[in-house]
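# Overview (structure and organization)
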Amino acid sequence: MFSFDLAVIGLMVGVLALRPSGGRRSLLAIAALCPLSAAALQLRFIGFIPPTGILLAVAGLTLLGAAVSPSAPAPAAPRLQPERP
């Protein structure tokens, strides 16, 4: 389960980094739910073990990436053309 979570997040972050489109925040937040849920289940049934800390760190970093990611692509700057007589 642990490696599957990391593979899913890695693929989603890789795809989102290559696409300059909007919606990054929501997809990254959804990607953070996968390791967060696995960590919650580990805490509930096993207790805190080192992989739980790693899962929580991965989820936190993914949520942080979602928070600092631009919500929409920046508009292109207008071109200033010299006036023609």
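To be clear, the structure that these remarks concern was listed above.
This report concerns the structure included in the present document. (Residues numbered from 1 in each chain as written. Predicted model: local features only at pLDDT ≥ 70, side-chain atom pairs only at ≥ 80, totals over all residues. Heavy atoms only, no water.)

### Some details on the environment of Gly 60
Assignment of secondary structure puts Gly 60 in helix H3 (residues 50-68). Gly 60 sits 28 residues away from Ala 32 along the chain, and the two C-alpha atoms are 7.5 Å apart. (Helix = DSSP H or I, 4+ residues; strand = E, 2+ residues; numbered from the N terminus.)

### Considering the packing of aromatic side chains
Under the defined criterion, the tally for this structure stands at zero aromatic pairs. The ring of Phe 45 carries Arg 44 above its face, with NZ or CZ at 5.3 Å from the centroid. (Phe/Tyr/Trp six-rings, centres within 6.5 Å; stacked < 30°, edge-to-face > 60°. Lys NZ or Arg CZ within 6 Å of the ring centre and 35° of its normal.)

### Quick word on the environment of Gly 53
Relative to the helices and strands, Gly 53 resides in helix H3. For Gly 53, a relative accessible area of 24% corresponds to the partly exposed category. (Buried < 20%, exposed > 50% of the residue type's maximum accessible area, 1.4 Å probe, protein only.)

### Overview of a nonpolar patch on the surface
A grouping of Leu 27, Ile 30, Leu 33, Leu 36, Leu 43, Phe 48, Leu 56 and Leu 63 is seen on the molecular surface, where their side chains present a nonpolar patch of about 710 Å² in accessible area. A per-element tally of the nonpolar patch places helix H2 (residues 24-45) first, with five residues. Summarising the element assignment, Ile 30 is placed in helix H2. (Patch = residues over 30% accessible without salt bridge, like charges linked within 9 Å, V, L, I, M, F, W, Y side chains within 5 Å. Areas by Shrake-Rupley, 256 points an atom, 1.4 Å probe, with all protein chains shown as cover. Salt bridge = Lys/Arg side-chain N within 4 Å of Asp/Glu carboxyl O.)

### Looking at the environment of Pro 35
Mapped onto the elements of the fold, Pro 35 is located in helix H2. Judged by relative accessible area, which is 0%, Pro 35 ranks as buried. The spacing of Pro 35 and Thr 62 is 27 residues in sequence and 9.7 Å in space, taken between C-alpha atoms.

### With respect to H3
For H3, with 19 residues, the first-to-last C-alpha span of 27 Å sits near the 27 Å given by 1.5 Å per residue. Restricting attention to buried positions, one finds in H3 the residues Thr 52, Leu 55, Val 58, Ala 59, Thr 62 and Ala 66. Relative to the axis of H3, the buried residues are bounded by an arc of 125° and lie together on one face. Pointing more than 90 degrees away from the buried face of H3 are the exposed residues Pro 50, Leu 61, Leu 64 and Val 68. (Expected span 1.5 Å × (residues − 1). Arc of directions from axis to C-beta.)

### Digging into H2
Here H2 is 22 residues long and its end C-alpha atoms lie 33 Å apart, about the 32 Å a rise of 1.5 Å per residue gives. All of the buried residues in H2 are Arg 24, Leu 28, Ala 31, Ala 32, Pro 35, Ala 38, Ala 39 and Gln 42. Once H2 finishes, Gly 47 follows within two positions and takes phi at roughly 105°, a positive value.

Spatial relationships are all this shows, so hold off on functional conclusions.
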